[in-house]
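As a plain string of letters, each chain reads:
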Amino acid sequence: MTLPIFLVGARGCGKTTVGQALALAQGCQFIDTDFWLQETSQQTIADIVARDGWEAFRARETDALKAVTAPARVIATGGGIILSEYNRHFMREKGIVVYLCAPVAVLADRLEAFPEEGQRPTLTGKPISEEVSEVLALRDALYREAAHHVVNAAQSPDQVVSDIEAALQLARA
Ligand code: ADP
Ligand code: MG
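Residues numbered from 1 in each chain as written. Chains lettered and ligands numbered in written order. Predicted model: local features only at pLDDT ≥ 70, side-chain atom pairs only at ≥ 80, totals over all residues. Heavy atoms only, no water.

With respect to spatial proximity, 15 residues lie near ligand 1, and among them Gly12, Lys15, Thr17, Arg120 and Gln155 are the closest. In this structure, Gly12 approaches ligand 1 through a main-chain N or O atom, which is 2.9 Å from an oxygen atom. Contact distances for ligand 1 include 3.0 Å between an oxygen atom and a backbone N or O atom of Gly14. Counting residues per element, the shell around ligand 1 draws most heavily on helix α1 (residues 15-26), at three residues. Looking at the shell around ligand 1, its residues break down into five nonpolar, six polar and four charged. (Near = heavy atom within 4 Å. Polar contact = N/O pair within 3.5 Å; in protein donor to acceptor, adjacent residues only side chain to side chain. Helix = DSSP H or I, 4+ residues; strand = E, 2+ residues; numbered from the N terminus. Nonpolar A, V, L, I, M, F, W, Y, C, P; charged D, E, K, R; others polar.)

Remark: helix α3 (residues 45-68) packs on helix α4 (residues 85-94), axes separated minimally by 11 Å, with the N-to-C direction vectors making an angle of 10 degrees. Here α4 runs roughly parallel to α3, going by the angle between their axes. Residue-level contacts link Thr62, Leu65 and Lys66 of α3 to Tyr86, Asn87, Phe90 and Met91 of α4. Residues belonging to the contact of α3 with α4 are distributed by class as follows: four nonpolar, two polar and one charged. (Axes fitted to C-alpha atoms, helices over the stretch in contact; angles between N-to-C directions. Parallel < 35°, antiparallel > 145°, perpendicular 65-115°, else oblique. Contact = heavy atoms within 4.5 Å.)

So, on to the layout of surface pockets. Taken as a whole, the largest pocket spans an internal volume of roughly 590 Å³. In terms of lining, the largest pocket is formed by 33 residues, of which the most central are Gly12, Cys13, Gly14, Thr16 and Arg120. For the lining of the largest pocket, the secondary-structure elements that each account for two or more residues are α1, α2 (33-41), α3, α5 (104-113) and α7 (157-167). Looking at the lining of the largest pocket element by element, the count peaks at five residues for α3. Approximately 290 Å³ is the volume attributed to the second largest pocket. Elements supplying a minimum of two residues to the lining of the second largest pocket: α5 and α6 (128-146). Taken together, the residues of the lining of the second largest pocket sort by class into 11 nonpolar, two polar and six charged. (1 Å grid on protein atoms, 1.4 Å probe; cavity = no way out; pocket = protein on both sides within 12 Å on 5 of 7 lines; lining within 4 Å. Points joined across faces, edges and corners; volume = space filled by probe spheres on them.)

Within a sheet, adjacent strands bond to each other through the backbone by hydrogen bonds, running parallel or antiparallel. Spatially, the five strands line up as an open sheet ordered β2-β3-β1-β4-β5, and their pairing is parallel. The sheet terminates laterally at β2 (29-32) and β5 (149-152), the two strands that pair on one side only. In this sheet, neighbouring strand axes are inclined to one another by 25 degrees on average, regardless of whether the strands run parallel or antiparallel. Relative to strand β3 (residues 73-76), strand β1 (residues 5-8) runs parallel, the two sharing three bridges. Considered in β3, the bridge of Phe6 is made with Ile75. Each of β1, β4 (96-101) and β5 is contacted by α6, which is oriented at about 150 degrees to β4, the strand it contacts most. (Pairing = 2+ DSSP bridges.)

The next thing to look at is the environment of Ser84. As for its placement among the helices and strands, Ser84 is situated in the loop between β3 and α4. A residue is classified by how much of its surface remains accessible, and Ser84, at 22% relative accessible area, is partly exposed. The spatial distance from the C-alpha of Ser84 to the C-alpha of Gly9 is 14 Å, given a sequence separation of 75 residues. In this structure the side chain of Ser84 is engaged in a polar contact, spanning 3.2 Å, whose partner is the backbone nitrogen of Tyr86. (Buried < 20%, exposed > 50% of the residue type's maximum accessible area, 1.4 Å probe, protein only.)

Laid out in structure tokens, this is it:
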């Protein structure tokens, strides 16, 4: 049985991009908790938050995490999934957790180039680079606490995939 691989990290660190490439390389299924939530509720993340609030969104995110967790899957999670202690323990127990770690400047550049507001409603109402910096300062320790492995996500997607495969000893000879 292949354990699920959970990718965690800040918005823009590449969970979706790298997750898709890693799943392809490993012949695994790719699932994104944000997309899963949007598909099953037929609402964007921004709509869910606007209508029901962050707390309700977080509860539904935990339901999504539990629903999508299965062997042989690469699971890209929402940036705030690690805020819940339950989610951190759940991921560590059920699979292998990889933190895609990138500096604020890299994250801010990517989010400025591809804001995708529907998927990434503002967390603080502040400009992107300020928000990224504040949110990462609060969450970096939680990403590290949840993770079995920390990978440098400022590299090209292919290189990030290789580093994850090496960390997990998944690379084929
Ligand atoms: P996340 O799912 O963690 O929020 P995404 O995978 O959606 O991040 O990536 C955010 C943006 O950054 C996308 O436009 C994507 O193309 C780009 N991106 C992601 N990973 C990389 C990378 N390693 N190098 C360059 N650009 C990247
Ligand atoms: Mg994503």
